[in-house]
Every structure is written in C-alpha cells, then in structure tokens.
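# Descriptive analysis of the structure
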Amino acid sequence: MITLKDINHTLKPNKYYLCLCVTSLSLCTSSIFAEQQTLATLSFKATEDSGTAEQGYKTNQVSNIGPWQGRKLQDLPYSIQVYSQDLIKNVQANSSTDEIYRMNPLMQLHTPQYANDQPMVFLRGFRVATSFRDGLLGDQFGHGTTIEDTEKVEFFNGLSGFLYGPANVGGLTNFISKRSTIEPLNEITLGSTGGKNWYIGGDFSGKFDEENKFGYRLNALKQDGETQIKNQNIDKKFISLALDWQPTDQLSLQIDAMYRDFNIDGKSADWDFSGKNVQRISAKSLRNDMSWSQDWTNSEYKTERYGAHLNWQANDQLTLRMNYLESQSDRATQLGVNRVNADGTYNQTIPRIYANGMNRRTSQQFDKRTSTYLDYQFNTASIVHKLTFGYQTANTTQKRFKKDAKEIIYENLNISSPNYFPKPEGEMLDRGDYKSSADTKTESWLVGDDVTFNDQWSALIGGAYVKIKNKLKETEQSAFTPNLSIIYKPQDNITTYATYIESLENGGIAAIM
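Residues numbered from 1 in each chain as written. Predicted model: local features only at pLDDT ≥ 70, side-chain atom pairs only at ≥ 80, totals over all residues. Heavy atoms only, no water.

### Here we look at the overall build of the protein
Within the protein one finds four helices and 29 strands. Here the protein holds 513 residues, and the buried ones make up 46% of them. Across the protein, every contact between residues at least 6 apart in sequence was considered, and the portion connecting residues at least 24 apart equals 66%. Summed over its atoms, the accessible surface of the protein is roughly 27000 Å², and 53% of this surface lies on carbon and sulfur atoms. (Helix = DSSP H or I, 4+ residues; strand = E, 2+ residues; numbered from the N terminus. Buried < 20%, exposed > 50% of the residue type's maximum accessible area, 1.4 Å probe, protein only. Contact = heavy atoms within 4.5 Å. Areas by Shrake-Rupley, 256 points an atom, 1.4 Å probe, with all protein chains shown as cover.)

### Some thoughts on the confidence of the model for the protein
Of the residues in the protein, 89% reach a pLDDT of 70 or more, and the chain-wide mean stands at 87. For residues 1-39, every residue scores under 50 in pLDDT, and the model assigns this stretch 59 contacts once sequence neighbours within four places are set aside. Scored below 50 in pLDDT, residues 42-46 makes two contacts in the model with residues more than four places away or belonging to other chains. (pLDDT = per-residue confidence, 0-100.)

### Section: the packing of aromatic side chains
In this structure the tally under the stated criterion is 19 aromatic pairs. Ring centres of Y376 and F378 lie 5.5 Å apart, and the angle between their planes is 25°; this geometry places the pair in the stacked category. For the pair Y410 and F421, a centre-to-centre distance of 4.3 Å together with 10° between the ring planes defines the contact as stacked. With Y410 in strand β25 (residues 408-413) and F421 in the loop between β25 and β26 (434-452), the pair connects residues that are eleven residues apart, well separated along the chain. A relative accessible area of 29% means that F421 is categorised as partly exposed. (Phe/Tyr/Trp six-rings, centres within 6.5 Å; stacked < 30°, edge-to-face > 60°.)

### Some thoughts on the sheet that holds strand β7 (residues 120-123)
In spatial order, the strands read β6-β7-β8; together these three strands make up an open sheet with antiparallel pairing. Looking at which strands have only one partner, the edges of the open sheet turn out to be β6 (107-111) and β8 (126-128). The mean inter-strand angle of the sheet, taken between neighbouring strand axes irrespective of direction, is 35°. (Pairing = 2+ DSSP bridges. Axes fitted to C-alpha atoms, helices over the stretch in contact; angles between N-to-C directions.)

### Side note on the sheet that holds strand β9 (residues 132-133)
To summarise the sheet geometry, strands pair through backbone hydrogen bonds and adopt either a parallel or an antiparallel arrangement. Strand order in the open sheet formed by five strands is β5-β11-β12-β9-β10, with mixed pairing between adjacent strands. Because the sheet does not close on itself, it has two edges, and the strands there are β5 (79-83) and β10 (136-137). Where β9 meets β10, two bridges bridge the pair, whose relative direction is antiparallel. Bridged to F132 within β10 is L137.

### Observations regarding the environment of I255
Inspection of the secondary structure puts I255 in strand β17 (residues 251-265). Using a relative accessible area of 41% as the deciding quantity, one classes I255 as partly exposed. For the pair I255 and L310, spaced 55 residues apart in sequence, the C-alpha separation works out to 9.0 Å.

### Observations regarding the side chain of N341
Within the secondary structure, N341 sits in the loop between β21 (337-340) and β22 (346-350). Setting aside chain neighbours within four positions, we find N341 in contact with V278, Y346, N347 and N412.

### Side note on the pattern of salt bridges
Taken as a whole, this structure holds 25 salt bridges when the rule is applied. Taking the shortest distance from any N to any O, the salt bridge between E151 and R217 comes out at 3.9 Å. Of the two residues, E151 is situated in strand β11 (residues 150-157) and R217 in strand β15 (residues 214-224); the sequence distance between them amounts to 66 residues. Overall, R217 belongs to the buried group, its relative accessible area being 4%. A salt bridge links D289 to R287; its shortest N-O distance comes to 3.1 Å. Given a relative accessible area of 42%, R287 falls into the partly exposed group. In this structure, a network of salt bridges that share partners links the residues E151, K178, D203 and R217. (Salt bridge = Lys/Arg side-chain N within 4 Å of Asp/Glu carboxyl O.)

### Examining the nonpolar core
Ranked by size, the top nonpolar core spans 23 residues in total, and within it I65, Y78, I80, F156 and L163 carry the most contacts. Those elements giving two or more residues to this core turn out to be β5, α4 (161-164) and β27 (457-470). Discounting chain neighbours no more than four positions away, the residues touching F156 are I65, Y78, S79, I80, L123, L163, G170, G171 and L172. Within the second largest apolar cluster, 15 residues are counted, among which are A93, Y101, V121 and F175. (Core = buried A, V, L, I, M, F, W, Y, C linked by side-chain atoms within 4.5 Å.)

### Remarks on a nonpolar patch on the surface
Taken together, F453, W457, I461, L484, I486 and Y500 make up a surface patch of nonpolar side chains, about 560 Å² in accessible area. Counting only elements with at least two residues in the nonpolar patch, the list comes to β27 and β28 (475-491). With respect to the helices and strands, the residue Y500 is situated in strand β29 (residues 494-501). (Patch = residues over 30% accessible without salt bridge, like charges linked within 9 Å, V, L, I, M, F, W, Y side chains within 5 Å.)

### Quick word on empty space enclosed by the protein
Taken as a whole, this structure holds four cavities of 30 Å³ or more when the rule is applied. For the largest cavity, the calculated volume is near 160 Å³. Lining the largest cavity are 19 residues, with D149, S177, D256, A257 and R305 sitting closest to its centre. Broken down by element, the lining of the largest cavity gets its largest block of residues, four residues, from strand β19 (residues 298-313). The residue makeup of the lining of the largest cavity, split by class, is seven nonpolar, five polar and seven charged. For the second largest cavity, the calculated volume is near 110 Å³. The wall of the second largest cavity is formed by 14 residues, among which G138, D139, H143, G144 and R305 lie closest to the centre. Of all elements in the fold, only β9, β19 and β20 (318-332) reach the threshold of two or more residues within the lining of the second largest cavity. In terms of residue class, the lining of the second largest cavity is built from two nonpolar, nine polar and three charged. (1 Å grid on protein atoms, 1.4 Å probe; cavity = no way out; pocket = protein on both sides within 12 Å on 5 of 7 lines; lining within 4 Å. Points joined across faces, edges and corners; volume = space filled by probe spheres on them. Nonpolar A, V, L, I, M, F, W, Y, C, P; charged D, E, K, R; others polar.)

### Points about the side chain of K236
Within the secondary structure layout, K236 lies in strand β16 (residues 233-248). Side chain to side chain, K236 and E148 meet in a polar contact 2.7 Å long. Leave out the neighbours within four places in its chain, and K236 touches S95, E148, L221, K222, Q223, R260, D261 and F262. (Polar contact = N/O pair within 3.5 Å; in protein donor to acceptor, adjacent residues only side chain to side chain.)

### So, the pairing of β15
In β15, alternate side chains face the same way, and those of G215, R217, N219, L221 and Q223 are buried while those of F214, Y216, L218, A220, K222 and D224 on the opposite face are not. In terms of strand pairing, strand β14 (residues 197-207) meets β15 through ten bridges, oriented antiparallel. Bridged to Y199 within β15 is Q223. Of the strand pairs in this sheet, β15 and β16 are connected by ten bridges, and their pairing is antiparallel. The residue bridging F214 from the neighbouring strand is W245, located in β16.

See below:
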C-alpha cells in the first residue's frame, strides 16, 4: 500500500517559488481480514507547547541552556526565541537558513548563505557568523550550517559567557538536531528555490526494535540547477544520520554524522564604493536577476560533522552529561569584487585562477568542541539545590597554502548591465608550504547552582573561569565571567527576572593604518 497525504502545490507571487510537498509516504504490507471488523477510535492530541501550527508555533520547550538543565523556556531568565519544526517546514526553509533568519524580528540578515556558505546576521548590532549545534559551537566561520537535519532553532539574545564560554556578545543561534521518532516517519519533499533550481529531500525515522530502545533519523537532500539569478547555478548534496540508544531509563547515548557538498557557479560579486570621489549608486539601478560576476567562477564547500551525547543518571541525586562535536570544512573559493570608479564605470577582480588539475583549496577548517557537566541535587531545609560542575573546551585550526594563483582584473566596465568574458588560462604554480594560519584553544571551568526557594522564587547563580590561548602567537588571556539571576513568578503564567551576566569573546585583528 502506498499512501500519499497532504499534497500541496503552492505558487508564491513575486518569488517564483513552486513547491510540491509530500508530507508522508509509507510502504507497508497488511493482511486481509476474513470478516469485517470494527476498530477502536484513536484520539491524538499534541502537547500544550510543542510548537505546532495549530498552536501558533508557540513552544515552552527548550534544550539545555549551557549548564542549566530541565527548565522550561518561561522559567529561564534570558531572552530566547524558539522556532519549531512546524514553522521551519511551513516557511519552506528546507535547504537554507535564510528564511528563518529573515523572520526573527530581533536580528537582521547580513549575508545570505549562498554568498560564501557563511550566513551572517546582526544581533543587538553585532555581526554574528558562527552558529551552535546542540549547544556546542560549530565551524569557527559558520561554514556548513545546515537546516535539513534541524528539529528547531533557538535564538539567544545577549551575553552568554558563563553559559557557553567565549561567544559573540550579540548573541547566538543554536541548531537542535533531529532525533529518532517512535512512530515510523517516511517523508519526501520536492521543491524549488527559484528559477530552475530544484531540490528533493527525504526524512526517514523510526526504531529498530520493539522496545523502542534503538532508533535512527536519516536525512538526505539533492539540489541542482540555475537559480533565479541568471548565470548562477547551485549544486548541493547533503546526508545526515542520527542514532539514539537508550538501554535503560537512566542512560542514553546519541551519535550524529553529516556530510555536505555545496557548489556554486557564478556567485554574485561583492561591491566596493570606497574609492576616492565615488558616488554610491542606487541599488535599483543594478539588475538583481543576473550574476554580476563571471559564470565560470566556482566556489565549493565540503563539510563533515560528527557528534556524540551521553546522559547518565547514576541515582536520584547525581547525573553526568557529556557532549562532543567535531567538524571539518574544505573550501575552494573565487569571490569576485566589483570596485566602482569615480567616472561611474567599475573594475572587476576575480582571484585564484588555477590551471586545470591544480589543487584549488583556499583553506581547511578543523574544529573540536566538548562539554562535560556533573549535576548534584540536594536540599538545605526547604530549599532545593541543583549544583552543576562543568568543563568546556574548544580547539579550532585553519590551514592554508602559502601562495594562491593570480587574479584577473577587468577594467572600466559599463555598469548598465553585467559584462561576461571567456575564462582565461589558469596559472600553474608551486603553492608552497601548507600550514596553520590560525590555531586557538579555549577552556572554561564553571560551577552553578539552580536554587528553588519555593513555587514563586528561584535563582541561578554561577561563575566560570575562561581561558583563551593563541597557539601560533603564544599568547594567553583569561577572565572570570559571572551569572546571577533572580526569578519571581507571581502566578504560573507570568515570570519576572533580573539577570547580570558577562561575556568574553576572542578579538579580531585591527588593520595597520
């Protein structure tokens, strides 16, 4: 029996968007009843705060926030928004993070994901490029951020030094991975991001055994074709696998693996108006349906990511939580730049033009993150304590060749429309040593106490000693970052709080004037 449900065919005006969504496709066999039978009526009701479309996507469920575990969203003294899977599906954010970022009223999309496979946003006025995966910081520069294997997205606004170690002072985004489902899930989605760029994705989940102790979640997507922008093509391959094992009620183990290959031809060029006596032209005068770069330019981003999570409740008082995340990104980029001249023409620079057969790699990124928490719950008279000791560490390394291939500059081009030229002959060269261009390690030791005085009053008290080490420059800095939150609930559906928290961020490199 083949069952197709909820087939939607939607055309969005002004977006050239066509989506055919098969939300359930299942194959199964059934026996033939010898006689008519009456089955019992089954009733299903979503939980009160699961974030479904019928509930207005409202959810009170949130993942562990740093060391804090077990609190609902309403009981956390921080500014957090949670976007559920129903919302992600219904805005058709199946292959890019951009649609989700555009919806958040507290952030502004700075750079779309296709531009350099590096989606960037502004949070509280600060540019944020990196993202977290299941509470651990991902790729240092945000490459390989995936929505296909994401159950929900959590947006944290503000400082988070005690919670996550060194992180952007504006805030962070945390992508929560999809986990196995008790009921079998077989879902296929077919859609278009615009133009001739189509994708087909699959989401499959279930349990291997009758006791529901061992489960899986498999996601895959293939995307290819010319986008809404003429002379620009995107080819993407994605696959992820999540395995869940819960041998007892007190012990659970989760393992994740992901591979992604993102390839773009004719990526839009950046614009530079910084020249002397240059007038910034109106965006309306530049056609946005054509690539302002060369159609032979190519950028490719390959990403692998592996993760593991262990949760062991030794007894009613003691719990051990361990998390691990490792990623590797391989980039080969050609990012064109159009520099506008004072006379209204522009010069176009295309870098890294290699001869056929040469290694085009721009850089490799290696990131490893871990966190370990030990929770101890006890009472002092009527006051309930949940004391947490934690250790967080992150190692990030970037490697590059010493030399890149030559660039080409097309000068004094007419700005009324894009200009296209044949691909020039590439350069064959010895690229020199391949070595680390950045190598840092961060560590954070923390202790926190989740204190409940009564049904109305509680507090979160903690502090972390954070250390950042630059291995190449042989420099090291450290700081203490506190967290103090007082929470008061005058009634069940109202929470008030006051929070003091600090943050620590690894600084950049200032230009020499």
